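Structural overview for review
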Amino acid sequence: MSEPLAERMRPRTLDEYVGQKHLVGEGAVLRKMIDSGHISSFILWGPPGVGKTTLAHIIANKLETPFYTLSAVTSGVKDVRDVIEKAKNGRFFNSASPILFIDEIHRFSKSQQDSLLGAVERGIVTLIGATTENPSFEVIRPLLSRCQLYVLKSLDKEDMQGLLNRAVSEDIELSKLNIELKETDALMRYSGGDARKLLNILELVVSSESNDKIIVTDKKVEERLQQNPLAYDKQGEMHYDIISAFIKSIRGSDPDAALYWMARMIEGGEDPQFIARRLVISAAEDIGLANPNALLLANAAFDAVMKIGWPEGRIPLAEAVVYLATSAKSNSAYNGINSAIQLVKQTGNKPVPLHLRNAPTELMAQLGYHDGYKYPHDYPDNFTPQQYMPDALQNQRLWHAQHSPAEEKLYQRMLDKWGERYKS
């Protein structure tokens, strides 16, 4: 039986690797480390199907070092210790440390992660972890501090199109067929930046055709997936589709759909903490300043789930879901911090104005640090205008109110205090 297309197309070298130019492109940080022949432990964080496992295998092949792999779903502490012992015994003097790749490292328990610490710290193994979850939540701090963190992005349209073209022209099976990629929008849309899903869908569509010439169109893709919606979900990507539908239902103010998708997750055995974390994120990102109580309620639901467990935990989760879905929406804070980060990247480290600097020493005071600062509480209504941004950016606006009833009050206060600055 032939391997799946996604496996046949798995890159073997960095030159074949698709996407992640910010990490493995010419001169990028991870590329430099690989080319030097010496890598330190790191964790790859990104959505499914963007090449985390593939990149680990490519690195091991490039460095020609022993490669051990564990799945956090099926491995226990004993398995971790056995691999570390093998790595210790199989290492030659002055040779590179064997690589231990742990897929889905976010599913490792604290004790499993603890069992890795000594080996990583002493260089017995070089750890490469892969996770689809934020490591700050899922990886213990001592282990995280010993690893670099690299964020992988969903593949863009250009990357996906190049992958499709390669598949139909270079794959050992598809290249034998007469395939025309007439339309690819549906392929792109359904795969959502996931290379594995893209190739699985393409293989599904091609396998359903019996004509001498196979013409791939958006309609054919849609019809095939409607007939067999789970057929392309070979690696469990449906999990991510459902959580995406869940979050978008809350964002779209549809409590019925949000409850439905949460029920699907519950019946599928999803970790309640995973659902609760998504609610906290949604409250901050999508409801935001339109209803600040949403974040408090989402946090309370998270705490309640941790305290009362399952199945009763479904009740505070449902309460939070309905509240978030029915709340007014604003992403002004989310947009504001993204704009601020982008501004910092564009403008670099602008100096802090002297009047805002701390002056803990006499010399600093003599140099003018803190001079001219106006203490707002000494003024009426605890406010007086003064410059808080760096000189070169003093008129820059980053937060733009979205005028929901609650946020309108904040905006009007800023308009009252700052005048013209907030009229644009």
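Residues numbered from 1 in each chain as written. Predicted model: local features only at pLDDT ≥ 70, side-chain atom pairs only at ≥ 80, totals over all residues. Heavy atoms only, no water.

With respect to the secondary-structure elements, Ser330 resides in the loop between α17 (314–326) and α18 (332–347). For Ser330, a relative accessible area of 2% translates into the label buried. Polar contacts involving the side chain of Ser330 include one to the main-chain amide nitrogen of Ser332, which spans 3.3 Å. In this structure Ser330 touches Glu285, Asp286, Ile287, Gly288, Ala290, Gln402 and Glu407, once residues within four positions along its chain are discounted. (Helix = DSSP H or I, 4+ residues; strand = E, 2+ residues; numbered from the N terminus. Buried < 20%, exposed > 50% of the residue type's maximum accessible area, 1.4 Å probe, protein only. Polar contact = N/O pair within 3.5 Å; in protein donor to acceptor, adjacent residues only side chain to side chain. Contact = heavy atoms within 4.5 Å.)

Counting 28 residues, the largest nonpolar core has Ile179, Leu202, Val216 and Val221 as the members making the most contacts within it. For this core, the element with the highest residue contribution is helix α11 (residues 195–207), accounting for 8 residues. If near-sequence neighbours (up to four positions away) are discounted, Val221 is found in contact with Ala186, Leu187, Tyr190, Ile201, Val205 and Val216. Listed in part, the 24 residues of the second largest apolar core include Phe246, Ala258, Met265 and Ala298. (Core = buried A, V, L, I, M, F, W, Y, C linked by side-chain atoms within 4.5 Å.)

Inspection of the secondary structure puts Ser175 in the loop between α9 (157–170) and β6 (178–181). A C-alpha to C-alpha distance of 39 Å links Ser175 and Lys248, two positions 73 residues apart in sequence. Discounting residues that sit within four places of it in the chain, Ser175 has contacts with Val168, Ser169 and Glu170.

Our focus in this paragraph is the environment of Tyr334. Considering the arrangement of structural elements, one finds Tyr334 in helix α18. Under the relative-accessibility criterion, Tyr334 is labelled partly exposed at 35%.

Bringing the pattern of salt bridges into the picture now. Applying the stated rule across the entire model yields 16 salt bridges. For Glu26, the salt bridge is made with Arg31, and the minimal N-O distance between the two is 3.3 Å. Judged by its relative accessible area of 69%, Glu26 is exposed. Across the pair Arg166 and Glu170 runs a salt bridge, and its minimum N-O distance is 3.5 Å. One end of the pair, Arg166, and the other, Glu170, are both in helix α9, 4 residues apart, so they sit about a helical turn from each other. Put simply, Arg8, Asp171 and Glu203 are held in one network by salt bridges that share partners. (Salt bridge = Lys/Arg side-chain N within 4 Å of Asp/Glu carboxyl O.)

Running from N to C, helix α16 (residues 293–308) and α17 cross one another at 165°; their axes reach a closest spacing of 9 Å. As the angle between them shows, α16 and α17 are arranged roughly antiparallel. Between α16 and α17 lies a crossing whose hand is left-handed. Facing α16, whose interface residues are Asn293, Ala294, Leu297, Ala301, Ala304, Val305 and Ile308, α17 presents Pro316, Leu317, Glu319, Ala320, Tyr323 and Leu324. Across the contact of α16 with α17, the residue classes tally to 11 nonpolar, 1 polar and 1 charged. (Axes fitted to C-alpha atoms, helices over the stretch in contact; angles between N-to-C directions. Parallel < 35°, antiparallel > 145°, perpendicular 65-115°, else oblique. Left-handed = near helix turned anticlockwise from the far one by under 90°. Nonpolar A, V, L, I, M, F, W, Y, C, P; charged D, E, K, R; others polar.)

Another point: the packing of aromatic side chains. Enumeration over the complete set of coordinates arrives at 4 aromatic pairs. Plain terms: the ring middles of Phe383 and Trp418 are 5.2 Å apart, the flat faces sit at 85° to each other, and that makes the pair edge-to-face. Here Trp418 lies in helix α20 (residues 405–418) and Phe383 lies in the loop between α19 (362–366) and α20, a separation of 35 residues in the sequence. Note on Trp418: relative accessible area 21%, which makes it partly exposed. (Phe/Tyr/Trp six-rings, centres within 6.5 Å; stacked < 30°, edge-to-face > 60°.)

Cis peptide bonds are those with omega within 30 degrees of zero, and the linkage from Trp310 to Pro311 qualifies with 15°. On the secondary structure map, Pro311 appears in the loop between α16 and α17. One non-glycine residue, Glu104, lies in the positive phi region at around 55°. In this fold, Glu104 is placed in the loop between β3 (99–103) and α6 (110–121). Glu104 gets classed as partly exposed once you look at its relative accessible area, which sits at 24%. Despite not being glycine, Asn382 has its phi angle at roughly 55°, a positive value. For Asn382, a relative accessible area of 44% puts it in the partly exposed group.

This next bit is on the pairing of strand β1 (residues 42–45). Pairing geometry for β1 and strand β4 (residues 126–131), over 4 bridges, is parallel. Across the sheet, residue Ile43 finds its bridge partner in β4, namely Gly129. Bridge count for β1 against strand β5 (residues 148–151) is 4 bridges, and the pairing is parallel. When the bridges of β5 are listed, Phe42 appears paired with Gln148. (Pairing = 2+ DSSP bridges.)

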